Amino acid sequence: MSHLLDNLGGAKWEPTFISGEGALVWDVGGRTYWDFYGGHAVTLIGLGHPRWVHAITEQAAELSFFTAVGDVPVRGRAATKLCDFTGMDRCFFVNSGAEANEAALKVARKATGRGTIVAMENGFHGRTMGALGATWKYRNQHAPAHGEVRFVPFGDLEAVRAALDATVAAVITEPVQGMAGVVMPPDGWLEGVVHAAHEVGALVIADEVQSGIGRMGAPLASHLFGITPDIATVGKGVGGGFPVAAMLCTDAVAATVLPGEHGTTFGGAPMACAAVEATLDILVDQDLLVKADSVFAEVEAQLGSVPGVVDVRGAGAWVAVVLDRPAGPVAAGLRRAGILVGTSTDPAVLRLAPPAVVPVVAIRMLADALAYELAAPAIEGAA
Ligand code: PLP
């Protein structure tokens, strides 16, 4: 009997995975899988990168842990590297994407002295109470929500404007919605949101937990839309698989926060920071942002013409493959064929978030396996 409280963690796949390297994963029976899922869009640098393994193990041997009450060199280096990479001014390390959003919401409230948050329909920001309150799909799962949140349709600038007033601390949005199925905003929307928010003295929080740190072929997805947010949250890929995330902000926002107003025991832990430093070095030195872009081009070329594929959208190593039928059974079929893909809250979307190092041959195998799965007629209503 398992002692894991599994039903709190969501749906489970059948295989038990025991090892991985690059874009390959092996299960307990020795079966090989191509990883087009990236472990919930995490491993852009690939699994078990030798430089990353070396950085963590060396740090573990040198100083395995010291909390933020004392400076450690690797924390400062990782913060500088992350700010240089993203173009943000200041960095506060935490342990998960949800926790980064908690920090962002708290700081936005502190910086503005206001309480209301504007968030997007179909947006996802995490499962802790504040982040959950701004998360469309799950917001009522553990009601009452924490704080006042006004939801507006993603991509609707007029609706954002109508929701903004002098009580609003911040607009929180993913630049591109991940869990919703890699949904792009209309041209100029994000820029319009920043302009409208600043007009009423509200901040903009870009939740880049899934879209950032190279996933879309840019350090932040915000850059692709020509904006610099007041606060950006990053997680998932920033530690290359090590549990670490960060709230990044401008100097102006940082200046409003006083010592002791927020804190965390493990945030900025030396091994986590070594993982961030190594991950950013790998992304830059191996040109993985450019490689991520070539993943999109190859997926689009290989999968776009497969009968049953209606659309291929996204950027970098982050792709929604829109099907003419429910994606769940197709994903299960691909898994049986040795290919791991994700799904999304859009039932017709297969979500791909492979490592940028996924080889072209794997993309061809995905295209073949998908063509085979989709050759079977769609079963009406299957999920
Ligand atoms: N924000 C976005 C956009 C996400 O996609 C996720 C996780 O999927 C989170 C926040 C929450 O991150 P975590 O699961 O690390 O708490």
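Let me sum up the structure you'll find in this document. Quick caveat, the model's predicted, so the values are computed rather than measured.

In terms of regular secondary structure, the protein chain is built from 13 helices and 14 strands. The C-alpha atoms of the protein chain give a radius of gyration of 20 Å, which matches the 21 Å a tight globule of 383 residues would have. The buried share among the 383 residues of the protein chain stands at 52%. Contacts in the protein chain between residues at least 24 apart in sequence constitute 71% of all its contacts with a sequence separation of at least 6. When the accessible surface of the protein chain is summed, it comes to about 16,400 Å², and 58% of that surface belongs to carbon and sulfur atoms. Computed over 25 positive and 39 negative side-chain charges, the separation of the two mean positions in the protein chain equals 5 Å.

Time to look at the site of the ligand. Every residue lining the ligand is accounted for by Ser96, Gly97, Ala98, Asn101, Phe124, His125, Gly126, Glu174, Asp207, Val209, Gln210 and Lys236. One of the side-chain nitrogen or oxygen atoms of Gln210 is found 2.7 Å away from an oxygen atom of the ligand. Between an oxygen atom of the ligand and a side-chain N or O atom of Lys236, the distance comes to 3.0 Å. Of the residues forming the shell around the ligand, the biggest block, three residues, is contributed by helix H4 (residues 97-112). Here the shell around the ligand is built from residues that sort into three nonpolar, six polar and three charged.

Time to look at the nonpolar core. Proteins that are soluble and globular tend to have nonpolar side chains buried together. Counting 67 residues, the largest nonpolar core has Phe36, Leu350 and Leu370 as the members making the most contacts within it. Sort the elements by how many residues they give to this core and helix H10 (residues 270-285) lands first, with nine residues. The residues touching Leu370, leaving out its near neighbours within four places in the chain, are Leu303, Val306, Val309, Val321, Val330, Leu334 and Leu350. Of all hydrophobic cores here, the second largest spans 19 residues; its members include Ala163, Val168, Trp189 and Val194.

What follows is about the pairing of strand S5 (residues 116-120). Within a regular strand, side chains alternate between the sheet's two faces. For S5, a buried count of five out of five residues is recorded, marking the element as mostly surrounded by other parts of the structure. Side chains Thr116, Val118 and Met120 project from S5 onto one buried face, and the interleaved Ile117 and Ala119 project onto a second face that is buried too. Of the strand pairs in this sheet, S5 and strand S6 (residues 149-152) are connected by four bridges, and their pairing is parallel. By the bridge assignment, Met120 is partnered in S6 with Val152.

Turning next to the sheet that holds strand S13 (residues 339-340). Here four strands make up an open sheet; going across it, the order is S1-S2-S3-S13 and the pairing mixed. With one partner strand each, in any of the chains shown, strand S1 (17-21) and S13 form the two edges of the open sheet. In terms of strand pairing, strand S3 (residues 32-35) meets S13 through two bridges, oriented parallel. Bridge pairing links Asp35 to Leu340 in S13.

The rules behind these values
- Residues numbered from 1 in each chain as written.
- Predicted model: local features only at pLDDT ≥ 70, side-chain atom pairs only at ≥ 80, totals over all residues.
- Heavy atoms only, no water.
- Helix = DSSP H or I, 4+ residues; strand = E, 2+ residues; numbered from the N terminus.
- Rg over C-alpha atoms; globule rule 2.2 N^0.38 Å.
- Buried < 20%, exposed > 50% of the residue type's maximum accessible area, 1.4 Å probe, protein only.
- Contact = heavy atoms within 4.5 Å.
- Areas by Shrake-Rupley, 256 points an atom, 1.4 Å probe, with all protein chains shown as cover.
- Lys, Arg positive; Asp, Glu negative; His and termini not counted.
- Charge placed at Lys NZ, Arg CZ, Asp CG, Glu CD.
- Near = heavy atom within 4 Å.
- Polar contact = N/O pair within 3.5 Å; in protein donor to acceptor, adjacent residues only side chain to side chain.
- Nonpolar A, V, L, I, M, F, W, Y, C, P; charged D, E, K, R; others polar.
- Core = buried A, V, L, I, M, F, W, Y, C linked by side-chain atoms within 4.5 Å.
- Pairing = 2+ DSSP bridges.

The analysis is restricted to geometry; functional conclusions fall outside its scope.
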